[in-house]
Each structure stands twice: as C-alpha cells, then as structure tokens.
There are 2 protein chains.
Amino acid sequence: MAQVSYLFKEVSLPQLKAACSGCSLKELCLPVGLGTDEIAELESFIHRGRAAKKGEYLYRAEAPFTSLYAVKAGCFKTSVISEDGREQVTGFHMSGEIIGMDAISTERHTCSAIALEDSEICEIPFVQLEELCRKIPALQRHFYKVMSREIVRDHGVMLLLGNMKAEERLAAFLLNLSQRFQSRGYSPRAFHLRMTREEIGSFLGMKLETVSRIFSRFQDERLIRVSNREIELLDMLRLKQLLNGCSSK
Amino acid sequence: MAQVSYLFKEVSLPQLKAACSGCSLKELCLPVGLGTDEIAELESFIHRGRAAKKGEYLYRAEAPFTSLYAVKAGCFKTSVISEDGREQVTGFHMSGEIIGMDAISTERHTCSAIALEDSEICEIPFVQLEELCRKIPALQRHFYKVMSREIVRDHGVMLLLGNMKAEERLAAFLLNLSQRFQSRGYSPRAFHLRMTREEIGSFLGMKLETVSRIFSRFQDERLIRVSNREIELLDMLRLKQLLNGCSSK
DNA sequence: TTGACGGTTTGATGTGGATCAAACGTACCG
DNA sequence: CGGTACGTTTGATCCACATCAAACCGTCAA
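As the structure is a prediction and not an experimental result, all values here were calculated from the model.

Visitor: Provide a residue-level description of the relation of the copies chain B and chain A, including the pertinent values.
Guide: One copy of the chain maps onto the other through a rotation about an axis plus a displacement along that axis. At an RMSD of 0.0 Å, chain B and chain A line up after a rotation of 180° and a shift of 0.0 Å along the axis. Given the turn and translation reported, the copies of this chain are related as if by a two-fold rotation axis. In terms of proximity to the rotation axis, the leading residue of chain B is B:Arg134, whose C-alpha is 2.3 Å off the axis.

Rendered as structure tokens:
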C-alpha cells in the first residue's frame, strides 16, 4: 500500500483526503512527474506509519538531525524556546505537511514538534531524500518548492505579528485553518481546534485571555459560533473584511 | 577574478571581508567541497557585478521568478505588502546573503527587494543552479542549508515579534547587526545603519517614534551612543542581559 | 544663502491588550 | 461517584506602545 508519495505534491488539492485514506496514488504523483519506479524508490526508504500519541514529542530542539517528517494524520505544533524560556509556537501542522526543515542548516533541530492529538507520521531520512533528488529533477524541484513555501508562510506570519491587531490576527488564523481543512476535503465552515487558547495565543503573539475574549466578541457579533474547541464560521465574508482593515482604509 | 563563490559558503567567517575585496577564493570554497572546475562552472552562469542604486528595486512582488540574487556589496531590505497595503519588512540583507528564495514556491516573487544604499549583486539563474546542484552533492547540500537557515532566521523573528517587548526587540536587532558586521570583518561595536527608523520599526513591529524613543533611552542609560544613523554599542553585556529578561525572571 | 523635503526627536494623550484575580466547565482518574 | 487538574471565561485594573502634534536637523538643489 503506497501511501506516502502524496506528501510530495502540492497539498492544496481536494483529492488529498482521498489520498490520505489510502487509494491509488499514482495520479497524485504526476504533478511531481514521478514514474512508478521512482515512487517505489522513494517509498523504499521512507519509514511509514510511525505513531505519535497526543502530547508526545516528535523531536526536540537541539536533537541531532537525521530526518524530515511528513504528517500523515493528526496535528502537530512546532515551537522555539528563547534562551530565557519563552515559547513561541511557530506553526500548526496537519496532514500532508513536512516539518523539520529548519534542522538542515545546523544539523540539529532548532524547534520542537509536539503532537496535539494522536497522530501518524512518515519519517524521511534526509540523506536519502537528497540523493533521490539528485536523480529525479522533478522531485528536487518539488522539494525546493516545499522549503520555499515554508519561507513564504513564515513571512506571512511576520506580517501578521508585526502589523495586525489581535482581532485581525485571530480572524486570519481562523480563515487559514478553514482553508486548510477545505483543501483536505473537510468542511471549511465547521471544525475542531486541536490546540489550546494558550497555544493559539503563543502562535499569534497574544495572551490566552485575549484569544478567549475575542472569540467571545466574534460570537456576540455573529461572526462565529464557539463551543469549547468546536468552531463554526458563520460569516466568512465579514471575517475576511476584518482582515483587510474593515471595508475602507 | 573569481569573486562569487564565497556566496556559497557559510557567511560567518572573518575571512569573508577579504573574500569580498577580491582575492583568491579557493580556500573559501573548500567548506562546500568544490573543486576548481566546479567553481568555474558555477561562475560560468552567474551574472556578476550588476549594480543597484540606492532606492532601486532589485525585484518586485508578483514579478516572475528566474533568479536568486546574492548581495555582493551594500544592503537591501525585503518586504511583503498585505492586501490592504501594510508593509512588513521581512529582513535586511548584507553582503554574502542570498535573497529571492521565497519565489521558488510559486515561481513569482512574493516580496520586494530594495537597495538601501548603492549596492552590487550577483544574479544566479535558478534552473542552472538546480542543475549544478544535481551534479555536485556538496553544493546541493549547501543550498539546502542556505534555505534552511532562512527558515531558522524567520522563526527567530517570529519569536521576537510574538514574545518580546519593544526594548528587547531593539536590543536584539542591534546585537544581530553587530554580529553580522563582525562576521564580515567590520567592527561589532560601531556601525552605520543603512535603514530609516521607520524601516527598523516595520521590521520589528513597532512605530518609528518608538524606535527613536528607545534609542534615546538606551543612550541615556549609556548602553549605546546614537548620532543620526551612527551607532556605537557601549555596553554589549547589558544589552544582552536586556534580551534575556534582565538578570532574573 | 534660502528654501524645501525627508527623516528624526520629543511631548501630550489615548487605547489595546497585558496582568491579576476569581469563578466556572470539562475531562480524567482513583 | 467525587475530586483534582487543566483549560476557559469574564471582570477590574494597569501599562506599554500607538497616535497626534510640533519642532528640529541634515541634505540637496536652486
């Protein structure tokens, strides 16, 4: 059962949900231009089906780097810790996303990855991926794009943290999650948050009380419905307007 | 005059200043493991010596991607613009740094790069770099590391923007510049800022008035001396302590 | 020299979000 | 079942930084 190659294509296609559930993946690999043999080779060295229980570290900062990890199912947070112990969540990662790329530069992990729910991951030994990239230009290109996309994402977070106010950040966060659930074939309107208010706050640069207050405010304004970690987006249009400095400006 | 290969090694060595001024670079390339032929090939397709005047765009967001750029001399800022027109400076880039990697993912630039002073850059056509990476594993690995380092840097900025207060951010900023000047063979104690207070503020997520006020406060406290854009770090130790939540905490 | 302009400093005031504190809900576990 | 722990909500207060405003300075061009 060839189940991992989908990780090497763009993760924004609706078919991805099907891919995850284990059907034939050949067509999903075509965008990368891999043939059957090449898929086989890729899968020969990927360690599949490793499980991580909720709360478990996938890797810790400082640990020596050997592999990248592809989230196969579930959800992870990655975070960096400053010298004086402050945590900054750098991202939430769901199925189809590759994490650990920060570790390539120093050959040690610079952030930690923790499972937010019971999850499954694929381990991708880096040296072997590198070698295969040399043989398969399309795979090489694809992997460069994956790394580049992470840089673009980080720039987006910098914009969010540097320029937006709490309300806007939270709207952006919800819309981002919505879109990612949608691209995985789930409802973009209603979903379950895997992370605590504190983790959301750490990611968005605000305190957990502020996250809670703004959720409540959004609910009062009929923008969303919150019940615990269940979120329903009632008015995505207005949420988007909130992002772009209301209607004018 | 082989003058560009140094861009493909770690930029943290003191010899780099010498490298920039144009002496033989062979030894500087050894860390990447390139032979003479390979250096020649690398340099065969790199367009060297392109100049950019102060204020000039090196590339603009949305422009199609063809090349990465290595800063040979001078200084650039890169910035993203949100849909509603807010600018976030994502970085300041000096000699030896490679910019444009964000564009690989979508094959369009996602940020703009502007020269902060008269500068020189090398243009590196991406397809040819890719091809050479396939032939030279050490170069491939090195380029992965360059991209990874950018991700690590971005995570550091996220920590700064998400967790630190204005004073700490500015201290971190000055110390970071200091270190980068030092690694290029310049004084880590005194240097010239190439960017305006507003650009610093945009990068650090604060207003230009706040930047100015904190510079003044640092000066009052004998931490630094500021005169216009000339900076002198008088007490680097205390600046570092400022970073790590003062002495205690 | 004069002016204009972009950048910087400094002051006065306002406010968004942090902090402190308490009560409440939910889930897990003996 | 009841208790403990963890996460969440909500209120009251405070403060860091934004905003608004004015003066100042260095540079360049006429």
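Visitor: A description of the interface of chain B and chain A should follow, citing residues and the corresponding values.
Guide: Contacts between the two partners involve 49 residues from chain B, matched on the other side by 49 residues from chain A. Summed over both partners, the interface of chain B with chain A buries about 4,600 Å², with 57% contributed by carbon and sulfur atoms. Among the residues chain B hides against chain A, the three largest losses belong to B:Arg86, B:Tyr144 and B:Met158. Together they make up 17% of the total. With a shortest N-O distance of 3.5 Å, A:Arg141 and B:Glu107 are connected by a salt bridge. Where the side of chain B that touches chain A is concerned, the elements lending two or more residues are strand E5 (87-94), helix H4 (126-135) and helix H5 (137-163) of chain B. Per-element tally for the side of chain B that touches chain A: the top contributor is H5(B), with 20 residues. In terms of residue class, the side of chain B that touches chain A is made up of 21 nonpolar, 13 polar and 15 charged.

Visitor: Could you give an account of the sheet that holds strand E11 (residues 230-233) of chain B, with specific residues and numbers?
Guide: Residues and elements named next belong to chain B. Strand order in the open sheet formed by three strands is E9-E11-E10, with antiparallel pairing between adjacent strands. Either end of the sheet is taken by a strand with one partner, and the two such strands are strand E9 (190-192) and strand E10 (224-227). Going from strand to strand, the sheet's axes swing by 15° on average, the running direction of each strand aside. Across three bridges, the pairing between E9 and E11 is antiparallel. Bridge pairing links Ala-190 to Glu-232 in E11. Packed onto the sheet, helix H8 (residues 208-220) meets E10 and E11 and runs at close to 130° relative to E10.

Visitor: Got a sec to walk through the protein's contact with DNA strand D? Specific residues and values, please.
Guide: The environment of DNA strand D is formed by 17 residues, the closest being A:Arg197, A:Ser212, A:Ser216, B:Ala166 and B:Thr210. Sugar and phosphate atoms form 64% of the subset of DNA strand D atoms that lie within 4 Å of the protein. Between DNA strand D and B:Thr210 there is a distance of 2.2 Å, counted from a phosphate oxygen to a side-chain nitrogen or oxygen. Here a base oxygen of DNA strand D sits 2.9 Å away from a polar atom, N or O, in the side chain of B:Arg213. Put simply, the parts of the chain that give the surface near DNA strand D at least two residues each are helix H8 (208-220) of chain A together with H8 of chain B. The element that contributes the greatest number of residues to the surface near DNA strand D is H8(A), accounting for five residues. The residue inventory of the surface near DNA strand D, partitioned by class, reads three nonpolar, six polar and eight charged.

Visitor: For H8(B), give the residues involved together with the corresponding values.
Guide: Residues and elements named next belong to chain B. Here H8 is 13 residues long and its end C-alpha atoms lie 18 Å apart, about the 18 Å a rise of 1.5 Å per residue gives. All of the buried residues in H8 are Val-211, Ile-214, Phe-215 and Phe-218. The buried residues of H8 all sit within an arc of 105° when viewed along its axis, so they share a single face. Exposed residues lying more than 90 degrees from the buried face of H8 are Arg-213 and Asp-220. Packed against the buried residues of H8 are helix H6 (166-183), helix H7 (197-204), E10, E11 and helix H9 (236-243). Just beyond H8, the residue with positive phi is Arg-222, at close to 60°.

Visitor: Account for the environment of B:Ala113, naming residues and giving values.
Guide: Residues and elements named next belong to chain B. Inspection of the secondary structure assignment puts Ala-113 in strand E7 (residues 112-115). Judged by its relative accessible area of 0%, Ala-113 falls in the buried class. Beyond its immediate stretch of four places on either side in the chain, Ala-113 contacts Glu-56, Tyr-57, Leu-58, Tyr-59, Phe-76, Lys-77, Thr-78 and Ile-99.

Visitor: I'd like a rundown of unusual backbone geometry, residues and numbers included.
Guide: Positive phi, close to 85°, is recorded for A:Glu62, a residue that is not glycine. Position of A:Glu62 relative to the elements: it lies in the loop between strand E2 (57-59) and strand E3 (67-73). Residue B:Arg222 is not a glycine yet carries a positive backbone phi of 60°. Looking at the element boundaries, B:Arg222 is found in the loop between H8 and E10.

Each value, and the rule that gives it
Residues numbered from 1 in each chain as written. Chains lettered and ligands numbered in written order. Predicted model: local features only at pLDDT ≥ 70, side-chain atom pairs only at ≥ 80, totals over all residues. Heavy atoms only, no water. Least-squares fit on C-alpha atoms with pLDDT ≥ 70 in both. Contact = heavy atoms within 4.5 Å. Buried area = accessible area lost by both parts, 1.4 Å probe. Salt bridge = Lys/Arg side-chain N within 4 Å of Asp/Glu carboxyl O. Helix = DSSP H or I, 4+ residues; strand = E, 2+ residues; numbered from the N terminus. Nonpolar A, V, L, I, M, F, W, Y, C, P; charged D, E, K, R; others polar. Pairing = 2+ DSSP bridges. Axes fitted to C-alpha atoms, helices over the stretch in contact; angles between N-to-C directions. Near = heavy atom within 4 Å. Polar contact = N/O pair within 3.5 Å; in protein donor to acceptor, adjacent residues only side chain to side chain. Expected span 1.5 Å × (residues − 1). Buried < 20%, exposed > 50% of the residue type's maximum accessible area, 1.4 Å probe, protein only. Arc of directions from axis to C-beta.

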